[in-house]
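Remarks on the overall topology
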Amino acid sequence: MKVGVPKEIKTHEYRVGLTPGAVREYVAAGHSVLVETSAGAGIGETDENYRKAGAKILDSAREIFASSEMIVKVKEPQPSEWTQLRESQVLFTYLHLAPDPEQAKGLMKSGCTAIAYETVTDEHGGLPLLAPMSEVAGRLAIEAAGSALKRYTGGRGLLIGGVPGVQPARIVVIGGGVVGMHAARMAAGLGAEVTILDRSLPRLRELDELFEGRVRTRFSTIDAVEEEVFAADVVIGAVLVPGASAPKLVSRGMLRSMRKGSVIVDVAIDQGGCFETSRPTTHADPTYEIDGVIHYCVANMPGAVPLTSSHALNNATLPFGLALANKGFAAVLENPHLRAGLNVYRGRLTYKAVAESLGLPFSPIEQAAA
């Protein structure tokens, strides 16, 4: 199969769909890999490194899209990219379609087969291709919060860990999944006072055991969310409903009762965000203020550390990508975990939560492939 890797064009996105090491694996399996020139520049990989790995370097994204049977990316295709996709072509990348009707319609119109990293599953019911970026984003969330808390950025002027004799920051993490756990680990490691809210008692028990009492856990109710958010210096939004729009857990009205100069970091912004006042931002302009509360809502947080992120992502995606390259669409039909990643096929939405979020018809794969 001809596998294409275009350069990412989203603002301040430096990751790359395939590293040279991953290219070697595809080539060793008998596939051709086409890489757009400078696609790996953001992680310090030259065109020559890709050539040594067995890739062919092409001059433009247009050539990549025109020549490839499968496109491997990192972020969702931008308008100039989805218009180049075609029927019988496989797109393997993050999509996050639930809050993005234009992209969904663009992919449907193209007729391509679009498989989303974020909904591919594993035998344990996890999301193995989302997990590595969730780990990165969770850890970065605390770094972002620390910067946003500084007075010159509009924050309270608070050091996350405090110093002896001075109270540390109070950090509330809404959601105890992969993002929430890694955010809590970073915050606790810096000496913050940390509380995790979640609606799963078994998960709260796991977190309590993991952190050995260094982090508070609370069952998430309306009352609990209000109490914790109003007293917080930082609120990390880490709630995930696979494929669907994130639930809005903090309303605009609640901001008025929050501490002035406190910080919201919405890691769920790719799925629409879990705060009513969230809107996507970029690394170029990451924050904005509403009612005295600083909002950090960068939609591609791991793009800030592309070297770490690209290798972590490739480690996870490689076996699934090779399966698609080896067998084409048959891999989706044979593998229930890849099948869970199928979001668009032949102009139809094949992931129920996405279709419901967008208010568009849902077609089960059996129906779409008939």
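Above this text is the structure in question.
A brief structural summary. (Residues numbered from 1 in each chain as written. Predicted model: local features only at pLDDT ≥ 70, side-chain atom pairs only at ≥ 80, totals over all residues. Heavy atoms only, no water.)

So, the packing of aromatic side chains
Enumeration over the complete set of coordinates arrives at three aromatic pairs. Ring plane angle 90° and centroid distance 4.7 Å describe the contact between phenylalanine 92 and tyrosine 117, whose orientation is recorded as edge-to-face. Residue phenylalanine 92 is found in strand E5 (residues 90–93), and its partner tyrosine 117 is found in the loop between strand E6 (113–116) and helix H6 (131–148); the two are separated by 25 residues along the sequence. You'll find phenylalanine 92 and tyrosine 117 in the same group, each marked buried. Both rings, one in tyrosine 94 and one in tyrosine 117, keep their centres 4.9 Å apart while their planes meet at 85°; by these two values the pair is edge-to-face. Of this pair, tyrosine 94 sits in the loop between E5 and helix H5 (101–110) while tyrosine 117 sits in the loop between E6 and H6; the two residues are 23 residues apart in sequence, bridging distant segments of the chain. Taking the relative accessible area as the measure of exposure, tyrosine 117 reaches 0% and is therefore buried. Its end group placed over the ring of tyrosine 288, arginine 279 keeps NZ or CZ at 3.8 Å from the ring centre. (Phe/Tyr/Trp six-rings, centres within 6.5 Å; stacked < 30°, edge-to-face > 60°. Helix = DSSP H or I, 4+ residues; strand = E, 2+ residues; numbered from the N terminus. Buried < 20%, exposed > 50% of the residue type's maximum accessible area, 1.4 Å probe, protein only. Lys NZ or Arg CZ within 6 Å of the ring centre and 35° of its normal.)

Let's talk about unusual backbone geometry
Positive phi, normally seen in glycine, also occurs at histidine 12, with a value near 55°. Among the structural elements, histidine 12 can be located in the loop between strand E1 (2–5) and helix H1 (20–28). Classification of histidine 12 as partly exposed rests on a relative accessible area of 33%.

Some details on the packing of helix H7 (residues 178–189) against helix H8 (residues 201–211)
Running from N to C, H7 and H8 cross one another at 25°; their axes reach a closest spacing of 12 Å. What the angle tells us is that H7 and H8 run roughly parallel. Helix-helix and strand crossings are classified by hand; for H7 and H8 the assignment is right-handed. Contact residues: Met181, Ala184 and Arg185 in H7; Arg203, Leu207, Leu210 and Phe211 in H8. For the contact of H7 with H8, a count of residues per class yields five nonpolar, no polar and two charged. (Axes fitted to C-alpha atoms, helices over the stretch in contact; angles between N-to-C directions. Parallel < 35°, antiparallel > 145°, perpendicular 65-115°, else oblique. Left-handed = near helix turned anticlockwise from the far one by under 90°. Contact = heavy atoms within 4.5 Å. Nonpolar A, V, L, I, M, F, W, Y, C, P; charged D, E, K, R; others polar.)

A closer look at the packing of H6 against helix H11 (residues 306–327)
At their nearest, the axes of H6 and H11 sit 8 Å apart, and the two run at 155° to each other. When the interaxial angle is binned, H6 and H11 end up roughly antiparallel. In this structure, H6 uses Pro132, Met133 and Val136 to contact H11, whose residues at the interface are Thr308, Ser309, Ala312, Leu313 and Ala316. Across the contact of H6 with H11, the residue classes tally to six nonpolar, two polar and no charged.

Re the environment of glycine 154
Secondary-structure assignment places glycine 154 in the loop between H6 and strand E7 (170–174). With a relative accessible area of 32%, glycine 154 lands in the partly exposed category. With residues up to four places along the chain from it excluded, the contact list for glycine 154 reads Gly261 and Ile294.

Concerning the sheet that holds E6
The eight strands are arranged E3-E2-E1-E4-E5-E6-E14-E15 in an open sheet whose pairing can be described as mixed. Looking at which strands have only one partner, the edges of the open sheet turn out to be strand E3 (56–58) and strand E15 (348–349). Note that strand E2 (residues 32–36) and E3 share three bridges and pair parallel. When the bridges of E3 are listed, valine 35 appears paired with isoleucine 57. Strand contacts of H11: E1, strand E4 (70–72), E5 and E6, with the helix running at about 175° to E5, the strand carrying the most contacts. (Pairing = 2+ DSSP bridges.)

Digging into H8
When H8 is considered as a whole, its buried residues turn out to be Leu204, Leu207 and Phe211. An end-on view of H8 places all buried positions within 60° of arc, on one side of the element. Pointing more than 90 degrees away from the buried face of H8 are the exposed residues Pro202, Arg205 and Glu209. On its buried face, H8 is in contact with H7, strand E8 (193–198) and strand E9 (216–219). Measuring from the side-chain oxygen of the N-cap residue of H8 to the backbone nitrogen of arginine 203 gives 3.2 Å; that N-cap residue is serine 200. One or two residues past the end of H8 sits glutamate 212, with phi positive at roughly 50°. (Arc of directions from axis to C-beta. Polar contact = N/O pair within 3.5 Å; in protein donor to acceptor, adjacent residues only side chain to side chain.)

Thoughts on the pattern of salt bridges
Think of it this way: side chains of opposite charge can pair up when their charged atoms draw near. One pass over the full model with this rule turns up 17 salt bridges. We note a salt bridge from glutamate 228 to arginine 170, for which the minimum N-O separation is 3.4 Å. Of this pair, glutamate 228 sits in helix H9 (residues 222–231) while arginine 170 sits in strand E7, placing them 58 residues apart in sequence. In the salt-bridge network here, residues are joined through shared partners; they are Arg170, Glu193, Arg216, Arg218, Glu227 and Glu228. (Salt bridge = Lys/Arg side-chain N within 4 Å of Asp/Glu carboxyl O.)

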